[in-house]
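# Fold and contact review
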Amino acid sequence: MYRDYFFQPKRLHSYKIFFVRYRILLIFFCLISAKIVAQFTLEGKVVDAGNKQALAFVNIGITGQAGGASTDIDGKFKLTSTQPFTQIVFTYVGYESITYTIGRDKNVLIRMQKKAYDLNAVEILPGENPAHRIIKLATKNRDKNNPDKISSYVCNTYSKTYYDLVPNTDEAGSRADSLKADSLKSRLKIFIESAHVLMMESVTERKFLYPENTKETVLATKVSGFKDPSFSTSATDLQPFSFYDDYFKILGKDYLNPITGGSTSRYLFILQDTLFQGNDSVFIISFRPMKGKNFDGLEGVLYINSNGYAIQNVIASPYDKGLIEIKIQQQYAFVAGKQWFPEQLNYELHYKKYPSKLMGMRLTGKSYITNVQLDVPLKKREFDEKTIVMADDAAHKGDDYWKTHRIDSLDIKEQKTYKVIDSLGKREHFDRVLNVVEALTTLQIPVSIISIDLNKIIGINDYEVIRGGIGLHTNNKLSKRFDVGGYIGYGYKDSTVKYGFDAQVNFKKDSKDYYLKALYSKDLAESGKAQYFYTKNNYTRNTMTFRMDYIEQKEVSVNFRALNYLTMNVAYNESFRIPRYDYIFLPNRNDSTETSIGFRSAELRIKGRYAYKEQFVQSFGQMLSDGTKYPVVYFAYSKGLKGISQFANYDYNKVSLGIEKTFLIKNLGKTKILVEGGYLKGNVPYPYLFNGNGSNAQGNYLYIENTFQTMGLYEFVSDRYVNLFFSHNFGSLLFKRPKFQPQFMIFTNVGYGSLTHPEQHKNIEFKTMEKGFYESGLLINNVLRLNYYNIIYLGLGGGAFMRYGPYADAQPEKNLAYKLSLIATF
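Throughout what follows, the structure given in this document is the object of discussion.

The rules behind each value
Counting restarts for each chain, with residues numbered from 1 along the sequence as it is written. Selection of residues for local features in this predicted model requires a pLDDT of at least 70, selection of side-chain atom pairs for listing and counting requires 80 or more, and totals for whole chains, interfaces and linings are taken over all residues. Calculation of side-chain values draws on the structure's entire complement of heavy atoms; hydrogens and water are dropped beforehand. Each helix corresponds to a stretch of at least 4 residues labelled H or I by DSSP, and each strand to a stretch of at least 2 residues labelled E; elements are numbered beginning at the N terminus. Throughout, exposure labels follow a simple rule: accessible area from a 1.4 Å probe, protein chains only, divided by the maximum for the residue type, with under 20% read as buried, over 50% as exposed, and the rest as partly exposed. Contacts are residue-level and defined by heavy atoms, with any inter-residue pair within 4.5 Å sufficient. Within this document, salt bridges are pairs made up of a side-chain nitrogen of Lys or Arg and a carboxyl oxygen of Asp or Glu, the two lying within 4 Å of each other. Each polar contact in these results corresponds to two N or O atoms within 3.5 Å; when the atoms are within protein, one needs to be able to donate a hydrogen and the other to accept it, and residues that are neighboring in sequence are counted only if both atoms are side-chain atoms. Here the nonpolar core consists of buried residues drawn from Ala, Val, Leu, Ile, Met, Phe, Trp, Tyr and Cys, with membership extended through side-chain atoms lying within 4.5 Å. Here a strand pair is declared whenever DSSP counts at least two bridges between the two strands. Fitted lines through C-alpha atoms serve as axes, helices being fitted only where they are in contact, and the angles separating the N-to-C directions of these axes extend from 0 to 180 degrees. Patches here: salt-bridge-free residues with over 30% relative accessible area, like charges joined within 9 Å, nonpolar side chains (Val, Leu, Ile, Met, Phe, Trp, Tyr) joined within 5 Å. To be clear on the numbers: accessible area is Shrake-Rupley with a 1.4 Å probe, and residue cover counts the displayed protein chains and nothing else.

### Thoughts on the overall build of the protein chain
Summing up its helical and strand segments, the protein chain has nine helices and 44 strands in all. Residue burial in the protein chain is summarised as follows: out of 826 residues, 45% are buried. Long-range pairs, those at least 24 residues apart, make up 63% of the contacts in the protein chain with a sequence separation of at least 6.

As structure tokens, this is what we get:
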């Protein structure tokens, strides 16, 4: 019966079709099954059991199988095997290893505990250190692997930064403190676990052209709480773009790189493990400064790939801990089969005891580098002095743009951060507060269309004693193209009112370097001060000035930039100066005609500043200088225009020049040199000459940079001179202990000068420097270190300077000047 049923002609045909389909489906099913069976996977994340922070580059091995994997820079991993596995082993430098038995969950969270013992106790290794060979090969190949040594590249970065509050229950000392900490943690727990205090995102395009041309354009920026932020986050906010220079700069401080020549004699390297990735080996090497070696060093872990002996991963922190704990992480990928290039840069900055001992603040930054293009045909004209600039519409990109450019979609906590903080920012007017903060960086307080100039509120000098006043100027709310304003002040001791007015037209709305300005003022000016483009003497020295001229002046000037790195100012000035001290000038040496009422002059002045390769970052509505590694040149030229008007009694040529350079000497510290000089040709009174640039005044015990510490303020006068100021800071290289890290600085200052006709200047005491002025000194900074509200350390120090040579006093004690120093560190 059944046989007849199956072998009926129609049914036989249907059966054949079914059988063919069945065979095809069976083969397809077998292939899929093989594929499924061939891949056993496990995903997850590895974190520190204590602080819950992700652990990057953790080694993962499969029990009973060769090979393995490691977590990425965010602590995530995906483990795949062709064979089933039931146990995996997690190992990490400085942490207890974990053997994990796999259950039903295919997405796991692994918590690793830090080891209880101190790895730093390891110091002496028998035989030759196997890590040294690898480190030396990595150092030898660093130029080849350094992305800043290739001809050019273009890449995109997506960066995001979080600010979080972190309860410090471990800092509670007494039981009451502990209960207070628990209460604080309980109150903040809901918010801390559900949202960040602040979150920032940015998308940038980064261009590089060898050797030193860099341009990063912020294409988009987003900051929680702000509608129109004028700042952004960047991959290089806290750390350089790569880990290959001799010194690695973190928060402005230079740390000796473990991948540099001679590092094996200063760092302790330990080969912790070796991984195998295809045909390559990855050597895991921990490092820290050797005991007894006094230098600013790092500690951490290097992952060196045998393919070119390049850095594949690095984790590093400053070895000496301070108020801030800092950790940086970098991950590299082998791009286009020819170049190792940064793939992700992370950093973490943790104020453990700020804003309070019970609650710290943690800043976490992550940057992802994508779309890397090597050897792109870039032109020099595409680069200028601005290294980071913001696109005009950077703060106004829509949601679709962000969804396209984010590496991952926002998680629930990030979404809530924007929702909560944006609402708070709208209610509390964060953008308005930001405008005030921007103005305060220039010491201006905006009030509607007017800004109050804080520089004019109060002043201190030895002539007026104290000076009060007010300055007002229009601001950008009225116009970015022009501003007008003025000031008025009153001196307590001289009982005299001073005032001035000015108007300025800006040629570029987005730059303060191009303008035309006119001013009129009746005020005071120090005699014999060089006309540099910068304030050579700082505020402290200005408080000591007492030899003043009353000056009425009119001036028109134009300011501009040229050749990218040159800032110029050209001015026409008419002035009437009256010395406010007893002084007589004999303009004609052949008779006894005396001039002491006042001096009228008109001059054309050109002054400038040239800083080759100086870099500027656009942030907070300003272009902020990031400095330059090349010498900075200052110059000024003034031409007295006698006879051009009633304000023109003197014909002279006056030139001033200054060159300064700061540089690091490997393993020796930082040297700073300033050479300055001036030349004046013409028959002019004392106010137009050069004073000696001293800072030794009665009652002053503070060290003032780039001045003669043992020279009186007006002890020497010249119409031609040259000065050399040399200083070298050894930092903590000479002496270093965990809680006592004095910084030794040595100084030598030399000055030469002359005055053509000293007999023309009567009733004032002065000397000339034909024989040469010499002084040397020693400062020990940071002798006493004070914790300032857990934000910074204020380091107090001191030392002495001694005058010697032809102008030394016969009484030895008068050649000494004792000085105090104040520095701030983290």
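### A short note on the pattern of salt bridges
Summed over all chains, the structure comprises 33 salt bridges. In this structure, the salt-bridge partner of D296 is K253, at a minimum N-O distance of 3.6 Å. One end of the pair, D296, is in the loop between β14 (280-289) and β15 (298-305); the other, K253, is in strand β12 (residues 253-256), and 43 residues separate them in sequence. Under the relative-accessibility criterion, K253 is labelled partly exposed at 38%.

### Focus: the side chain of R467
Positionally, R467 belongs in strand β24 (residues 465-474). Looking at R467, its side chain comes within polar contact range of the side chain of D523, at 3.0 Å. Ignoring sequence-local partners within four residues, the contact set of R467 consists of I457, I458, G459, Y487, G489, Y490, G491, K498 and D523.

### Some remarks on the nonpolar core
By size, the foremost hydrophobic cluster in this structure holds 36 residues, and its most contacted members are F243, I250, L298, L302, I311 and I328. In this view, I328 contacts L238, Q239, F243, F248, I250, V314, I315, A316, N346 and Y347; residues no more than four positions away in its chain are not counted. Membership of the second largest hydrophobic core comes to 26 residues, among which are Y92, I110, V282 and Y303.

### As for unusual backbone geometry
With omega at 10 degrees, the peptide bond leading from Y210 into P211 counts as cis. As for its placement among the helices and strands, P211 is situated in the loop between β9 (198-209) and β10 (213-223). We note that H429 has phi near 60 degrees; this positive angle belongs to a residue other than glycine. Its place among the elements puts H429 in the loop between α7 (412-428) and α8 (430-440). A relative accessible area of 38% means that H429 is categorised as partly exposed.

### Overview of the environment of G297
Its place among the elements puts G297 in the loop between β14 and β15. Linking G297 and D254, residues 43 residues apart in sequence, is a C-alpha distance of 8.7 Å. Once you skip the residues sitting within four places of it in the chain, G297 turns out to touch Y255, Y267, P289, S317, P318 and Y319.

### Thoughts on the pairing of strand β25 (residues 482-491)
Pairing between β24 and β25: seven bridges, direction antiparallel. Across the sheet, the residue bridging to L472 is G486, located in β25. Note: β25 against strand β26 (residues 497-506), nine bridges, orientation antiparallel. Bridge pairing in β26 links G485 to D502. In this antiparallel pair of consecutive strands, β25 and β26, the connection spans five residues, and S495 shows a positive phi of 50 degrees.

### Focus on the sheet that holds strand β3 (residues 68-70)
Within a sheet, neighbouring strands are paired by backbone hydrogen bonds and run either parallel or antiparallel to one another. What the four strands build is an open sheet, ordered β3-β2-β5-β6; its pairing is antiparallel. Sheet topology places β3 and β6 (98-101) at the edges, where each strand pairs with a single neighbour. Geometrically, the sheet is characterised by an average inter-axis angle of 25 degrees between neighbouring strands, direction not taken into account. One ladder, built from four bridges, connects strand β2 (residues 59-62) with strand β5 (residues 87-91); its direction is antiparallel. The residue of β5 that forms the bridge with N59 is T91.

### Section: the environment of K249
Within the secondary structure, K249 sits in strand β11 (residues 247-250). Exposure remark for K249: the relative accessible area of 38% places this residue in the partly exposed category. With 10 residues separating them along the chain, K249 and Q239 place their C-alpha atoms 6.3 Å apart. When near neighbours in sequence (up to four residues on either side) are disregarded, K249 contacts L238, Q239, P240 and D254. Looking at K249, its side chain comes within polar contact range of the side chain of D254, at 3.0 Å.

### Let's talk about the side chain of K160
With respect to the helices and strands, the residue K160 is situated in strand β8 (residues 152-167). Residue classification places K160 among the buried residues on the basis of a relative accessible area of 9%. Side-chain polar atoms of K160 contact the side chain of E414, separated by 3.1 Å. Once you skip the residues sitting within four places of it in the chain, K160 turns out to touch M200, E201, T233, T364, G365, K366, Y368 and E414.

### A look at a nonpolar patch on the surface
A surface patch of nonpolar side chains, amounting to about 1100 Å² of accessible area, comprises I457, I458, I460, V465, I466, I470, L472, I488, Y490, Y492, V497 and Y539. Taken together, the elements giving at least two residues each to the nonpolar patch come down to β23 (458-461), β24 and β25. When residues in the nonpolar patch are grouped by element, the largest group, four residues, is from β24. Among the secondary structure elements, I457 is positioned in the loop between β22 (450-453) and β23.

Remember, this is a structural readout, not a statement about activity or role.
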